[in-house]
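Structural features, examined
Residues per chain, in single letters:
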Amino acid sequence: AASRVFAFRDARWVPDPMLEPHPAVRTPQPVPLVIDNGSFQTRAGWASADPAVPAEPQLRFRSLAARSRGARGGAGAETQVGNDLGSPEPLRWLLRSPFDRNVPVQLELQELLLDHVFQRLGVASQGCVDHPIVLTEAVCNPLYSRQMMSELLFECYQVPKVSYGVDSLYSFYHNKRQNWPCSGLVISSGYQCTHILPVVEGRLDAKNCKRINLGGCQAAVYLQRLLQLKYPGHFAAITLSRMEEILHEHSYIAEDYIEELQKWRSPEYYENNMHKMQLPFSNKLLGSTLTSEEKQERRQQQLRRLQELNARRREEKLQLDQERLDRLLYVQELLEDGHMDQFHKALVELNMDSAEELQSYINKLSLSVEQMKQKILQAEVSIEVDVVDSKPETPDLDPLGSEQSLEDVESINEFEPLFAEEQPQVEKPVAAVQPMFNLAEYHQLFLGTERIRAPEIVFQPSLIGEDQAGIAETMQYVLDRYPKEQQAVLVQNVFLTGGNTMYPGLKARIQKELLEMRPFQSSFQVHLASSPVLDAWYGARDWAVEYMNREEGWITRKDYEEKGGEYLKEHCASNVYVPIRLPKQAPRTAEALAPSRGLASSTGNACEQ
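Here the structure is a predicted model, which means the values were calculated and not measured.

1. Digging into the sheet that holds strand β20 (residues 555-556)
- Strand order in this open sheet of six strands is β4-β3-β2-β10-β11-β20, and the pairing throughout is mixed. Two strands in the sheet have a free side with no partner beyond their single neighbour: β4 (59-62) and β20.
- Inspection of the sheet shows strand β3 (residues 41-46) paired to β4 by four bridges, in the antiparallel sense. Looking across to β4, one finds that Thr42 is bridged to Phe61.
- Against the sheet, helix α17 (residues 535-546) makes contact with β2 (33-37), β3, β10 (133-137) and β11 (161-166), and its axis sits at roughly 150 degrees relative to β2, the strand it touches most.

And the structure:
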């Protein structure tokens, strides 16, 4: 049982270092920079045939940014990106992403991510980035999103050329073996969406692509809701980061969901397969073994420290109020001495309108100073009083409602729990046997059916109330749009890619679903990407190295200026370009205008008659 207790790693993100690029990325010509722009993670690196240049992404960071508040009296707000955030949980309410689902829509945040990439990769740019860019985009990306991205790259960074491609298609072509057919059915499941993409004769059939608006993000939120309902005492400790860790390391896909639930009903199966997740806890929460005298002494020390703290605060407030009072009395003396110009100038600086208002403020401040002096004297007298069985009295509020007095009350309220212990009583004889409370076990999350319920939503979206079809139904719908001969070709190469396809058992589940929907004794093949997370970047790098000196697939600045930002040059792993077609209005010729003029003139004559 002890071997199935897993501790949360709660790993902090390590800030990305400033990298020095290899000289081979600049000579003899600038090599392409490959950026896998994912909604969960951004990956960036160089595409060079030189073996001295690493053939893997050199930057990997979450596609998030947060604008932290500046310190009081110090520097201003600071924007942090990706791994510089350290940990997402303390800043969860400040985190912002440029993506809506899997489409970048906030170009200001996208610019921050690109700035981070260029800066950390050491791109030496004097007002421009002179490397070609290979960038991934969403399937059937809206033209407006591509237009804004092209405008950002060409206008802001002055890149020489750019190429757009679909991440799952890059992964498909990177994993294509010698004997694989050019056609296939790509199932790509990521952080926000799941796509079913038919590839026919090496090209994406965009008309028959389907998207399911479910991915790893929705699974993490669903698992968080399940565990927070199960363990309401640990509501705050059940964070999204920990849920993502559970999904990545402890969840799996059931080959038959109903049958798997029946297995979990067995107590033996539950005990053998249940995982315990250990939440962090402190042993200080255990029952104290201090005696009543020690508790009294500790209360006295804490109360003494609190009284000294309040005394310092009162002295500081008294000094500030005395300085303000002296300033107001000086202004009043100007009035009494007849220096009216200086008096009116001082009133404007004090934001006052008349001498009566000045006198009112002087009276209030004088009363406040006298009361504060009385409080200080009373505190000096009462600090010697025995306070063994009494709580500290709440200080009177300042009649002016100053913030300092409220802080005094709040500081005492913070220490209220320290003095809320029971009054010392006559000690009772301790029983021979005392029940032991296992604090570590109290801070454990027992993962049973939750291990399969969260990943199951991509097959059964109705589990979270989504009115969508699952992967199996969507696959069947896509296949039914083709003739039977074409269906048989597509199912010979069902390819799984994306970070949300790394669950154990997913490949077997897809095979079971295909076995149920395909005709009797028909064949099919299901393949899983060698690296579902990184193969998109590897495929984009392979394409960039192969097509570096060709014109196919590259959008130059001339193309951008002539054909607009939404323009796309197609290639083997790109979307299909569908230009904007606006209806043209028929020109109004002179012949068309003549009848209307004649009608107007005849109407005018009729009116004159």
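2. Observations regarding the sheet that holds strand β1 (residues 5-7)
- Read across the open sheet, the three strands follow the order β1-β16-β17; overall the sheet is mixed. Unpaired on one side and paired on the other, β1 and β17 (444-447) mark the two borders of the sheet. Averaged over all pairs of adjacent strands, the angle between strand axes in this sheet comes to 30 degrees, irrespective of strand direction.
- Direction of pairing for β1 relative to strand β16 (residues 275-278): parallel, over a ladder of three bridges. Within β16, the position partnered with Ala7 by the bridge is Gln278.
- Where helix α5 (residues 240-250) meets the sheet, it contacts β1, β16 and β17, and its direction lies at approximately 145 degrees from that of β16.

3. Structural notes on the UniProt feature "coiled-coil region" (unreviewed entry) in the chain
- Within this numbering scheme, the UniProt entry marks residues 292-326 as carrying the feature "coiled-coil region" (unreviewed entry).
- Here residues 292-326 runs as 100% helix and 0% strand, with 51 Å between its end C-alpha atoms.

4. Overview of the nonpolar core
- Residues Leu227, Ile471, Met475, Ile510 and Leu514 are the most contacted members of the largest nonpolar core, which totals 47 residues.
- Those elements that place two or more of their residues in this core are β12 (184-189), α4 (216-230), α5, β17, α14 (471-479), β18 (494-497) and α16 (506-517).
- Looking at which element gives the most residues to this core, the answer is α4, with six residues.
- Residue contacts for Ile471: discarding those within four places in its chain leaves Ile187, Thr194, Ile196, Ile212, Val458, Phe459 and Ile510.
- In this structure, Val25, Leu113, Leu114 and Leu568 belong to the second largest nonpolar core, which totals 35 residues.

5. A word on the pattern of salt bridges
- Under the criterion given, the structure shown has 21 salt bridges.
- We note a salt bridge from Arg242 to Asp10, for which the minimum N-O separation is 2.8 Å. A residue pair is termed long-range when its members are at least 10 positions apart, and Arg242 in helix α5 and Asp10 in the loop between β1 and β2 qualify at 232 residues.
- Via salt bridges that share partners, Arg9, Glu245 and Glu249 belong to a single interconnected network.

6. A few points about the pairing of β11
- Most of β11 is tucked away: six of the six residues are buried.
- The alternating pattern of β11 places Lys161, Ser163 and Gly165 and Val162, Tyr164 and Val166 on opposite faces, both of which are buried.
- As paired strands, β10 and β11 are joined by five bridges and run parallel to one another. In the strand pairing of β11, Ile133 is matched with Val162.
- Each parallel crossover has a hand, and for β10 linked through helix α2 (residues 143-156) to β11 it is right-handed.
- Direction of pairing for β11 relative to β20: antiparallel, over a ladder of two bridges. Residue pairing across strands places Lys161 opposite Thr556, the latter belonging to β20.

7. Brief notes about the side chain of Gln224
- Within the secondary structure, Gln224 sits in helix α4.
- Beyond its immediate stretch of four places on either side in the chain, Gln224 contacts Ile238, Thr239, Leu240 and Met243.

8. Points about the confidence of the model for the chain
- Averaged over all residues, the pLDDT of the chain equals 84, while 83% of them reach at least 70.
- Of the regions scoring below 50 in pLDDT, residues 386-410 engages in 42 contacts with residues more than four places distant in sequence or in other chains.

Cut-off values and rules
- Residues numbered from 1 in each chain as written.
- Predicted model: local features only at pLDDT ≥ 70, side-chain atom pairs only at ≥ 80, totals over all residues.
- Heavy atoms only, no water.
- Pairing = 2+ DSSP bridges.
- Helix = DSSP H or I, 4+ residues; strand = E, 2+ residues; numbered from the N terminus.
- Contact = heavy atoms within 4.5 Å.
- Axes fitted to C-alpha atoms, helices over the stretch in contact; angles between N-to-C directions.
- UniProt positions renumbered as here; feature names shortened; annotations may be inferred.
- Core = buried A, V, L, I, M, F, W, Y, C linked by side-chain atoms within 4.5 Å.
- Buried < 20%, exposed > 50% of the residue type's maximum accessible area, 1.4 Å probe, protein only.
- Salt bridge = Lys/Arg side-chain N within 4 Å of Asp/Glu carboxyl O.
- Right-handed = clockwise from strand over helix to strand, strands pointing away.
- pLDDT = per-residue confidence, 0-100.

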